[in-house]
Amino acid sequence: MQISARYLENTTIFDVIGDIDLANSPVVRKALLVELREKKIPRVIMNLQGVKYIDSSGIASLVEGLKASRDVQARFILFGLSKSAREVLQLSRLIKLFEIYENEEQALSNGSS
Amino acid sequence: MPRRQLLLRLQLLSNPQVLCGVRGAVSPIASSVGFGEEDCRAITLAVDEAIANIIRHAYGGKLGQAIEVQLNLLNGENGAKPGLEIILLDRGAEPKPDALKGLPAGELRSGGLGLHFMRQSMDTVVHKRVGSTNRLYMVKFVR
């Protein structure tokens, strides 16, 4: 899995490529918590277009990101969910708690910080 | 034709890095049995979660411990549809009774979803302790 960051005004976009599972979900978790809790970035967006598989540990990382965003009054947004990722998020019954868009344009325009 | 046919036996060592390899093996086998794409994803998720649980809980995160995964074809009798039986064996700690209940999905918490995913993905999920071995049986039939 690869994760890289792009920085816009008051926004960090994480581009994730690969599977998010027990092996690498800690990397995702750490990246999110650094942006939200340490750097206090007002809006953090996860580009998941390149994520074909995510398991419960990956979902747990996203949940931790969501919790951190609520704690610091930041926005935490997902976009580009694959069919597989959407299914897993629906299975967790947590999908309605996340702010999710189809693409980056929608994420940036609708999820204003 | 035998009722149960061994399709694949994997001898693994506990390490999160093996999960992608196991997923790569399970999905096409599920497809060859006759499962559709969505069910193949579900089966793959269940196996992934089961192994992750063994690594994290049975072995407490310790690397290099033995895990065995068996995939058995269950031949449909009298026109019944076939199924896939997945057996996972480990020699780690016995799960506590509360751990087998799983946690309710839908709550905003960062853990406890794995067992829920397994039960939602498979028709049957049963854990047994035989001596010092944990045996997890998961079965799913083609719809």
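So, here's what we can say about the structure. (Residues numbered from 1 in each chain as written. Chains lettered and ligands numbered in written order. Predicted model: local features only at pLDDT ≥ 70, side-chain atom pairs only at ≥ 80, totals over all residues.)

**As for the overall build of chain B**
Per the secondary structure count, chain B includes three helices and five strands. Contacts in chain B between residues at least 24 apart in sequence constitute 64% of all its contacts with a sequence separation of at least 6. (Helix = DSSP H or I, 4+ residues; strand = E, 2+ residues; numbered from the N terminus. Contact = placed C-beta atoms within 7 Å.)

**Side note on the overall build of chain A**
Helix and strand counts for chain A come out as four helices and five strands. Secondary structure elements in chain A, listed N-terminal to C-terminal, are β-β-α-β-α-β-α-β-α. Radius of gyration (C-alpha) of chain A: 12 Å, near the 13 Å computed for a compact globule of 113 residues. Oriented by its inertia axes, the alpha-carbon framework of chain A measures out at about 30 × 25 × 25 Å. Across the 113 residues in chain A, those meeting the buried criterion constitute 46%. Once local pairs closer than 6 in sequence are excluded, the contacts in chain A between residues at least 24 apart make up 71%. (Rg over C-alpha atoms; globule rule 2.2 N^0.38 Å. Buried ≥ 20, exposed ≤ 12 C-beta atoms within 10 Å, placed from the backbone.)

**Some thoughts on the nonpolar core**
Proteins that are soluble and globular tend to have nonpolar side chains buried together. Of all hydrophobic cores here, the largest spans 65 residues; its most connected members are I59 of chain A together with A46, A50 and I51 of chain B. Take this core: its biggest share by element is eleven residues, from helix α2 (residues 37-58) of chain B. Contacts of I51 of chain B, omitting those with residues within four sequence positions, involve L19, V22, I67 and L88 of chain B. (Core = buried A, V, L, I, M, F, W, Y, C linked by C-beta atoms within 7 Å.)

**Considerations on the interface of chain A and chain B**
Contact with chain A, which involves 21 residues of that partner, is made by 21 residues of chain B. Mapped onto the side of chain A that touches chain B, the elements with two or more residues apiece are α2 (56-71) and α3 (83-91) of chain A. No other element matches the seven residues that α2 of chain A contributes to the side of chain A that touches chain B. Partitioning the side of chain A that touches chain B into residue classes produces ten nonpolar, four polar and seven charged. (Nonpolar A, V, L, I, M, F, W, Y, C, P; charged D, E, K, R; others polar.)

**Quick word on the environment of A52 of chain B**
By the secondary structure assignment, A52 of chain B is in helix α2. Residue A52 of chain B is classed as buried on the basis of its 21 C-beta neighbours within 10 Å. Separated by 38 residues in the primary sequence, A52 of chain B and S14 of chain B have C-alpha atoms spaced 8.7 Å apart. The residues contacting A52 of chain B, other than those within four sequence positions of it, are L22, D55 and S57 of chain A together with L19 and G114 of chain B.

**As for the sheet that holds strand β3 (residues 83-90) of chain B**
All names here are of chain B. Read from one edge to the other, the open sheet built from five strands follows the order β1-β2-β3-β5-β4, with strand pairing classed as antiparallel. Two strands close off the open sheet at either side, each with one partner strand: β1 (4-13) and β4 (124-130). Between one strand and the next, the sheet's axes are offset by a mean angle of 15 degrees, whatever the strand orientation. Strands in contact with helix α1 (residues 19-33) are β1, β2 (66-74) and β3; relative to β1, the strand with the most contacts, it is inclined by about 170 degrees. (Pairing = 2+ DSSP bridges. Axes fitted to C-alpha atoms, helices over the stretch in contact; angles between N-to-C directions.)

**With respect to the environment of A25 of chain B**
Residue and element names in this part refer to chain B. Locating A25 in the fold gives a position in helix α1. Taking the C-beta count within 10 Å as the criterion, A25 has 16 such neighbours and is therefore assigned partly exposed. Once the C-alpha coordinates of A25 and L8 are considered, the two residues, 17 residues apart in sequence, prove to be 8.8 Å apart.

**Observations regarding α1 of chain B**
All names here are of chain B. Here α1 is 15 residues long and its end C-alpha atoms lie 21 Å apart, about the 21 Å a rise of 1.5 Å per residue gives. At its buried positions, α1 is contacted by α2, β2 and β3. G34, located one to two residues past α1, shows a positive phi value of around 125 degrees. (Expected span 1.5 Å × (residues − 1).)

**Here's the deal with unusual backbone geometry**
All names here are of chain A. In the Ramachandran plot, N10 falls in the positive-phi region, its phi being about 55 degrees despite a non-glycine side chain. Within the element layout of this structure, N10 appears in the loop between β1 (2-8) and β2 (11-17). Notably, K40 is not glycine yet its phi reads approximately 55 degrees, a positive angle. Here K40 lies in the loop between α1 (25-38) and β3 (43-50). On the neighbour-count criterion, K40 (10 C-beta atoms within 10 Å) is exposed.

**A closer look at the packing of α2 of chain A against helix α3 (residues 113-121) of chain B**
Two elements in contact, α2 of chain A and α3 of chain B, have axes separated by 9 Å at closest approach and are oriented at 130 degrees. Our classification of the angle between α2 of chain A and α3 of chain B gives oblique. The two elements α2 of chain A and α3 of chain B cross, and the hand of that crossing is right-handed. Contacts between α2 of chain A and α3 of chain B involve S56, I59 and A60 of chain A from the first element and L113, G114 and F117 of chain B from the second. Taken together, the residues that form the contact of α2 of chain A with α3 of chain B break down as four nonpolar, two polar and no charged. (Parallel < 35°, antiparallel > 145°, perpendicular 65-115°, else oblique. Left-handed = near helix turned anticlockwise from the far one by under 90°.)

Keep in mind these values describe shape, not function.
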